[in-house]
Amino acid sequence: MSKLLVIGCGGVAQVAIQKCAQNSKVFTEMCLASRTVSKCDALKEKLKKQGSPVKITTATVNADDVKDLVKLIKEYQPDAVLNVALPYQDLTIMDACLECKVDYIDTANYEPEDTDEPVWRAAYEKRCKEKGFTAYFDYSYQWAYMDKFKEAGITGLLGTGFDPGVTSVFTAYAKKHYFDEIHTVDILDCNGGDHGYAFATNFNPEINLREVSANGSYWEDGHWVETKPMEIKREYDFPEVGMKDMYLLHHEEIEALGRNFPEIKRIRFFMTFGQSYLDHMRCLEDVGMLSTTPIKFEGKDIVPIQFLKALLPDPASLGPRTVGKTNIGCIIRGIKDGKEKVIYIYNVCDHQECYKELGSQAISYTTGVPAMIGTALVITGAWKKPGVFTTDEFDPDPYMDMLNEYGLPWVVDENPVEVP
Ligand code: NDP
């Protein structure tokens, strides 16, 4: 018996909620709350028509407003809050959970909506100098809640999507079952899907375009090495997808793995992009459309990247048109019983299979399923401990079992080709 409050009802949330409904032994009651409540109502209707036994209510909430969140949490009295809104809302939702002493779960680490806000900007510039990477997002804001969450006796589970999320669990699983010591981790995120549009993003366009247009970076020998955007390119022949170009990006799980596994000498993250995507992105960047700084247009302030988001297809609408597969996983090298070894743990997910099952494409699916799994493990107590943690800090086994059970089966290849 449990009550879950889900905040956000976009592409990822729709999968997470439907997967919670499939796991109705754990999730007996859910409140779906978002800015646009009609999306929550439509999903509630869909689940009702399917005969879901979960008792579902809906609500409107402004997740930028702690008071509004606290009011809803106090009214609904959930056992946990799953934040599948945007990273901009992480801290307000964490504050509300703290005030109400309720467990908190999310899929992406905090970044501010307004990167020109002076107080944030000053802290950011200091962090860039001290840590050596310039991404807008980092874990420091959420890790700062560690003591407050401990005192309140609540769990904060950060980043339980696929990457971050499953990729960190894959690393913890490799350490537990395959290695005495891990030396290198390459996280490879391949989307071999084709949606037929000249340009569209597979999850929230604003968050996605900010991420991929930023400098890349990797962790080596205890420090960050930063690269220009898309500076490091490799080719890789992905199982069940084929040969793809991939580029080194900064990614948040590198920060958590670097801290929690100090033995790892190098951690890199690569994502595949087609030439058309990169050409469009470069052009949009050159004309200023990726800017987060408001400009005046006919007397109104508009943020270029938010205007672009309004023009691009809604990622949640890509499901019916996307064909092909994703392959996301980790190539891990280390030592077992004094001998060097390498393994590749990965999942392959088919866009059309996801669409048939839940009406979503594979990017939302591969994020929403782990969001449900992390939440279930917190709610059932398997992953409950006071404080704020990433997914590599718990026993990986129950999570790995649930990936197999809920649609993201994984494979361990003990003789993979490595990335040069
Ligand atoms: P969407 O833009 O599709 O959905 C976001 C949802 O949040 C929408 O329903 C939106 O409401 C709602 N929302 C936004 N602002 C507020 C607010 N102030 N108050 C209440 N609700 C709000 O995003 P995605 O589903 O693509 O992404 C969701 C999250 O998943 C993001 O944090 C993203 O970074 C993360 N993610 C993580 C991945 C991983 O592997 N770890 C991979 C992909 C995504 P409205 O409908 O009104 O717009």
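Look up: the structure comes first, before these words.
Below is a summary of the structure that appears in this document. (Residues numbered from 1 in each chain as written. Predicted model: local features only at pLDDT ≥ 70, side-chain atom pairs only at ≥ 80, totals over all residues. Heavy atoms only, no water.)

### Looking at the overall build of the protein chain
Per the secondary structure count, the protein chain includes 15 helices and 18 strands. With respect to the principal axes defined by its C-alpha atoms, the protein chain has extents near 55 × 55 × 45 Å. By the burial criterion, 57% of the 420 residues in the protein chain qualify as buried. Restricting the contact set of the protein chain to residue pairs at least 6 apart, pairs at least 24 apart contribute 74%. Looking at the protein chain as shown, the accessible area adds up to about 17,100 Å², and 51% of this sits on carbon and sulfur atoms. Measuring between centres, the 45 positive side-chain charges of the protein chain sit 3 Å from its 63 negative side-chain charges. (Helix = DSSP H or I, 4+ residues; strand = E, 2+ residues; numbered from the N terminus. Buried < 20%, exposed > 50% of the residue type's maximum accessible area, 1.4 Å probe, protein only. Contact = heavy atoms within 4.5 Å. Areas by Shrake-Rupley, 256 points an atom, 1.4 Å probe, with all protein chains shown as cover. Lys, Arg positive; Asp, Glu negative; His and termini not counted. Charge placed at Lys NZ, Arg CZ, Asp CG, Glu CD.)

### Concerning the pattern of salt bridges
Evaluation of the coordinates by the stated rule reveals 22 salt bridges. Across the pair Glu 255 and Lys 131 runs a salt bridge, and its minimum N-O distance is 3.3 Å. In this pair, Glu 255 is assigned in helix H10 (residues 252–260) and Lys 131 in helix H5 (residues 118–131), connecting sequence segments 124 residues apart. Exposure remark for Glu 255: the relative accessible area of 7% places this residue in the buried category. Bridged by salt links that share partners, the residues Lys 176, Asp 395 and Asp 397 form one connected network. (Salt bridge = Lys/Arg side-chain N within 4 Å of Asp/Glu carboxyl O.)

### So, helix H9 (residues 205–212)
Within H9, 8 of the 8 residues are buried, leaving the element largely enclosed by the surrounding structure. Of the surrounding secondary structure, the elements contacted by the buried residues of H9 are strand S12 (266–272), helix H11 (275–286) and helix H12 (304–311). Where H9 begins, the side chain of Asn 204 points an oxygen toward the backbone nitrogen of Glu 206, at a separation of 3.1 Å. (Polar contact = N/O pair within 3.5 Å; in protein donor to acceptor, adjacent residues only side chain to side chain.)

### Details of the nonpolar core
Membership of the largest hydrophobic core comes to 92 residues, with the highest contact counts inside it found for Ile 17, Met 30, Phe 170, Leu 209, Phe 273 and Leu 403. The greatest single-element share of this core, amounting to 9 residues, is contributed by helix H14 (residues 362–380). Discounting residues that sit within four places of it in the chain, Met 30 has contacts with Leu 4, Val 6, Ile 17, Cys 20, Ala 21, Val 54, Lys 55, Ile 56, Thr 57 and Tyr 76. Listed in part, the 35 residues of the second largest apolar core include Ile 7, Ala 59, Met 94 and Trp 143. (Core = buried A, V, L, I, M, F, W, Y, C linked by side-chain atoms within 4.5 Å.)

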